[in-house]
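# Descriptive structure summary
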Amino acid sequence: MNELVNFTIDKKECMSTKGKYLVDAAAENGIYIPTLCNITGIQPRGACRLCTVKVNGKLTTACTTPVYNNMEVENESPELQDLRKSIIELMFADGNHYCPYCEKSGDCELQAIAYRYRVTVPRFPYSFPKREIEAGHPLLAKDHNRCILCKRCIKAVKDDDGRSIFAFARRSHKLTISVDTRLSHVMSPEKAAYAAEICPVGAILLKGAAFKKPIGERKYDKKPIGTELEM
Ligand code: SF4
């Protein structure tokens, strides 16, 4: 039988199953901890760092930290809010995110989280990188301008033999996501749709589906991110 543990988040009493990752345990207790890389059920890597919290006074990522008895978690302090805001600002400054004409606008998690943290002008200079758009795959387009290197596609999108369709290529500031051309040519429409869906931004797009869902009817148009847990 699963062992239950008690802990607090911002002094609120919480309960969950021992070993469950904090980001999921918080959600069970109606508390939102932001993340742009985590997918529940897939081994977390702490790639985006947005879920940074303090556990017993020490900074850690909530997606990689299992809950245990009597842990004290700080989630909403001004220090953590500003840390997260700075990470979001860095993502905007580091890529080319032009929301008004992005197909993912309204469904984009980065955009929704930026609204939640009231990001206006980043404190960092924009780098305006020159990045490619790959449109040579039959079902998908890959826009490197919007990629935040969250690794979701690498971890979650595999072919039927477990081979990764997406992978990291190059290093350092040139780090990018490459798409296996051979596998992308035999990818099923369902898998392509899943890849576009789990990408938190508009970096993986389904060909032929642009703006199918009208603006105003998208996921975060009516309900801001995180509020589905908090209401
Ligand atoms: S393509 Fe999308 S899912 Fe893949 S790393 Fe970039 S932002 Fe993440």
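To be clear, the structure that these remarks concern was listed above.
A brief report on the enclosed structure follows. (Residues numbered from 1 in each chain as written. Predicted model: local features only at pLDDT ≥ 70, side-chain atom pairs only at ≥ 80, totals over all residues.)

## A closer look at unusual backbone geometry
Counted only if it meets this: Helix numbering and strand numbering both begin at the N terminus, where a helix is a DSSP run of H or I of at least 4 residues and a strand a DSSP run of E of at least 2. Comment: burial labels come from other C-beta atoms within 10 Å of the residue's own C-beta, placed from the backbone, where a count of 20 or more is buried, 12 or fewer is exposed, and between is partly exposed.
Although it is not a glycine, Asp-10 sits at a positive phi angle of roughly 50°. As for its position among the elements, Asp-10 is in the loop between strand E1 (4-9) and strand E2 (12-17). Given 15 C-beta atoms within 10 Å, Asp-10 falls into the partly exposed group.

## Focus on the site of the ligand
We apply this condition: Whether a residue is near a molecule or strand depends on its C-beta atom, generated from backbone atoms, being within 6 Å of that molecule or strand. Residue polarity is assigned by list, with Asp, Glu, Lys and Arg as charged and Ala, Val, Leu, Ile, Met, Phe, Trp, Tyr, Cys and Pro as nonpolar; anything else, Gly included, falls into the polar class.
Close contacts around the ligand come from 14 residues, with Cys-147, Cys-150, Cys-153, Cys-199 and Ala-203 the closest. Grouping the amino acids of the shell around the ligand by side-chain chemistry returns twelve nonpolar, no polar and two charged.

## Quick notes on helix H2 (residues 78-94)
Rule in force here: Any helix carries an expected span of 1.5 Å times its number of residues minus one. Working definition: the arc comes from the directions between the helix axis and the C-beta atoms, pointing outward to the latter. Note on contacts: each residue gets a C-beta atom placed from the backbone, and two residues are in contact if those atoms are within 7 Å.
Under the 1.5 Å per step criterion, the end-to-end length of H2 is 24 Å for 17 residues, consistent within 8% with the ideal 24 Å. Listing the buried residues of H2 in full gives Arg-84, Ile-88 and Met-91. Projection of H2 onto a plane perpendicular to its axis shows the buried side chains occupying an angular sector of 55°, all on one side. Exposed and facing more than 90 degrees away from the buried side of H2 are Pro-78, Glu-79 and Asp-82. On the buried face of H2, the contacting elements are strand E3 (52-55) and helix H3 (109-116).

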